[in-house]
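Residues per chain are reported as follows:
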Number of protein chains: 2
Amino acid sequence: MAKKIGNRTIILENRPSIVGYGSVVGKKEHDGPIGDEFDTYNDDSRFGEKSYEKAESRLQKTAVETALKKCDKTEKDVDCIFAGDLLNQCIGSSFGLRSLGIPFVGLYGACSTMTLGLSLAALTVDSGAVNTAVAVTSSHFCSAERQYRFPLEYGSQRTPTAQWTVTGSGASVIERSENKPYINAVCFGEIEDLGVTDANNMGAAMAPAAAATLMHYFSDTKTKPEDYDIIITGDLGSVGSNLLYQLLERQNIDIRCRHNDCGLIIFDLKKQDVHAGGSGCGCSASVLNSFVMHRFESGDFKNILFMSTGALMSPTSTMQGESIPGIAHLVNIKID
Amino acid sequence: MAKKIGNRTIILENRPSIVGYGSVVGKKEHDGPIGDEFDTYNDDSRFGEKSYEKAESRLQKTAVETALKKCDKTEKDVDCIFAGDLLNQCIGSSFGLRSLGIPFVGLYGACSTMTLGLSLAALTVDSGAVNTAVAVTSSHFCSAERQYRFPLEYGSQRTPTAQWTVTGSGASVIERSENKPYINAVCFGEIEDLGVTDANNMGAAMAPAAAATLMHYFSDTKTKPEDYDIIITGDLGSVGSNLLYQLLERQNIDIRCRHNDCGLIIFDLKKQDVHAGGSGCGCSASVLNSFVMHRFESGDFKNILFMSTGALMSPTSTMQGESIPGIAHLVNIKID
């Protein structure tokens, strides 16, 4: 039985494990520091489709198929899929996955979606409600730019705090298992809003949520940063990561020695002109389902915290003068 | 322990129950046949806010507060809230609920969101992961019209198959209990797409998904329509309901004697000029958390099927020539 400890943290007891994983990215991500770790990439930003949105659907389907293939499964073996993306009405997921015939739970957690889906998949498998679940999410630089900011053709200049939306997708297959990395604990975040209004500085908008979730988790579990091999955030980038350090230091928590961010792992900030780093649902999804899982396999990671972060705004809310609420969901992934 | 039976259906065993519920609607819904059953209504379509989107956020917050108050709880008692809406990036939920400080699971299931949230809340409570969860969703006629179709000022004519988006919200508080209506079974739907492309005929787009989920459920549970007091769909309206009957009759299933639809319950189709009936996330949410719950209290309902239906499209997907995929999630609600 799952059980809640402290205020927020849910401990799972039946080892819902990542038994399969897959990742797919675009050219820029493949050119980055961990480019060789992704399963698939494509030089064509439309991935053979007629639009960027259809390309994003293609990304999700490819990630799921790759993840299933790697653990010798097909879509018929999956009881439930947890999926979402950044596009209006999450069409990346619904059109990408409609042909698979898998019971579909649609999510919207902005860039926190990978951890959100992983958490729900783990809870559902842990409870015995289903045997096999999949969590998947995606983002695409071109579909995100034109929806959230400007069409690429506009050629607008980016601010130094801006981040670069990752073109990519990652999928995890979850089942009970004895010898794979498993989700030991889940901590759903609450919505945090410190009044940041700069839609070109998502790292700042999300850092308070990341700090709040981490503090809840450390308090609930009576653990400290040094107890983990690494603490990986989703897409705070360089600006948001520094803000996270500052917010945590006020509470006498120092994670610098253990922290990295998927948005800083996937791109070379000096060489790739991505300003404050990578972002998007596909950022933490593709890094988890490649870089992170490979290090569990090599034995480098045995006990980590993985926390995707999201900004729960829309262009409409920004135009109506609203600030940018953030959220961060955390999972503790372990292997014995 | 929850357990899966047949292909799709999950049976819950610890009676996750609807211990509190709340509804709030606009003027047109209050003028309808069940207008007196809603907890709150407001003649002002902006609900005192400056925009329709902010009004929708206000709706969700009001529904949650009403539901909590009715079972003598506050937001501090809630371990997790499952919420979503139709607005781009689900800002109805994120801005409506950000001040509550409740761990937040964002969903996107289009108009299927009430059953989606209810299912996940029930699964999470059933498993012991949390003690108290809330499911909430909303829609607003004015915010939906301008986002999906035309701004109201445009004065466009509506087709006969069009439905009227309900301005309303409903929230359910879920806890284990012995003497309240409880979620006995959950059946997540898969995405169904029979190629309907008319964005003014959502009922037709959603009916195949409704038929598929019902057939899975009847097959899994070895039950038939007559075993239930009522089978309530979310917002198929008159056109979609008739299509559902036809699709099921091909499989020798007749639900006419037991079926009703929230979109036909909430409005008087003859008097209220709503064409094929009500729709929107708030349709099934407000009808569940008023009309349906009242009939459990009066003893009229003891064992029902409740199934919200959603169309997983966006204006972008329609403009790119895509058809409209549908989805339907089902719960079996019982009281002993």
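The structure we're discussing is the one just above.
Residues numbered from 1 in each chain as written. Chains lettered and ligands numbered in written order. Predicted model: local features only at pLDDT ≥ 70, side-chain atom pairs only at ≥ 80, totals over all residues. Heavy atoms only, no water.

Colleague: When you look at helix H2 (residues 52-70) of chain A in this model, what are you seeing that I'm missing?
Modeller: All names here are of chain A. With 19 residues, H2 extends 27 Å between its outermost C-alpha atoms, agreeing within 8% with the 27 Å of an ideal straight helix rising 1.5 Å per residue. Of all the 19 residues making up H2, 14 are buried; the element is thus mostly covered by neighbouring parts of the structure. Aspartate 72 sits one or two positions beyond H2 and adopts a positive phi of about 55°. (Helix = DSSP H or I, 4+ residues; strand = E, 2+ residues; numbered from the N terminus. Expected span 1.5 Å × (residues − 1). Buried < 20%, exposed > 50% of the residue type's maximum accessible area, 1.4 Å probe, protein only.)

Colleague: In this structure, what is going on with the pairing of strand E11 (residues 230-233) of chain B? I would like to understand it.
Modeller: Here is the key point about a regular strand: its side chains alternate between the two faces of the sheet. Residues and elements named next belong to chain B. With burial as the criterion, each face of E11 is covered, one bearing Ile230 and Ile232 and the other bearing Ile231 and Thr233. Where E11 lies against strand E14 (residues 303-311), 4 bridges are found, and the strand directions are parallel. Looking across to E14, one finds that isoleucine 230 is bridged to isoleucine 304. Pairing geometry for E11 and strand E12 (residues 259-261), over 3 bridges, is parallel. Among the inter-strand pairings, isoleucine 232 is bridged to a residue of E12, identified as asparagine 260. (Pairing = 2+ DSSP bridges.)

Colleague: I keep staring at the pattern of salt bridges and nothing clicks. Help me out?
Modeller: Any two side chains of opposite charge can pair, given that their charged atoms come close. Scanning all chains against the criterion turns up 36 salt bridges over all chains. Here lysine 73 of chain A makes a salt bridge to glutamate 175 of chain A, at a shortest N to O gap of 2.8 Å. Placement of lysine 73 of chain A in the loop between H2 and strand E5 (80-85) and of glutamate 175 of chain A in strand E9 (residues 168-176) is noted, with a sequence separation of 102 residues between them. Assigned by exposure class, lysine 73 of chain A and glutamate 175 of chain A land together as buried. A cluster of three or more residues bridged by salt bridges with shared partners is formed by Lys54 and Arg98 of chain A together with Asp193 and Glu322 of chain B. (Salt bridge = Lys/Arg side-chain N within 4 Å of Asp/Glu carboxyl O.)

Colleague: Is there a simple way to explain empty space enclosed by the protein in this structure?
Modeller: To find leftover empty space, a probe the size of one water molecule is rolled over the atoms. As enumerated under the stated definition, the model contains 8 cavities of 30 Å³ or more in all. Its volume calculated, the largest cavity comes out at about 80 Å³. The wall of the largest cavity is formed by Leu120, Leu123, Thr124 and Ser127 of chain A together with Leu120, Leu123, Thr124 and Ser127 of chain B. Mapped onto the lining of the largest cavity, the elements with two or more residues apiece are helix H4 (113-126) of chain A together with helix H4 (113-126) of chain B. Of the residues assigned to the lining of the largest cavity, the class counts are 4 nonpolar, 4 polar and no charged. (1 Å grid on protein atoms, 1.4 Å probe; cavity = no way out; pocket = protein on both sides within 12 Å on 5 of 7 lines; lining within 4 Å. Points joined across faces, edges and corners; volume = space filled by probe spheres on them. Nonpolar A, V, L, I, M, F, W, Y, C, P; charged D, E, K, R; others polar.)

Colleague: Mind showing me how you'd approach the interface of chain B and chain A here?
Modeller: Accessible area lost upon the coming together of the parts is a frequently used measure of interface size. In this assembly, 59 residues from chain B lie in contact with 59 residues from chain A. Of the roughly 4600 Å² buried where chain B meets chain A, counting both sides, 60% is carbon and sulfur surface. Among the residues of chain B in contact with chain A, Gln89, Arg98 and Ile191 of chain B are the three that bury the most area, contributing 15% of the side total. The interface formed by chain B and chain A holds 8 salt bridges in total. With its nearest N and O atoms 2.3 Å apart, the salt bridge here joins aspartate 79 of chain B to lysine 4 of chain A. The tally of links between chain B and chain A comes to 32 residue pairs in polar contact (both at pLDDT 80 or more). For the side of chain B that touches chain A, the class distribution of residues is 30 nonpolar, 17 polar and 12 charged. (Contact = heavy atoms within 4.5 Å. Buried area = accessible area lost by both parts, 1.4 Å probe. Polar contact = N/O pair within 3.5 Å; in protein donor to acceptor, adjacent residues only side chain to side chain.)

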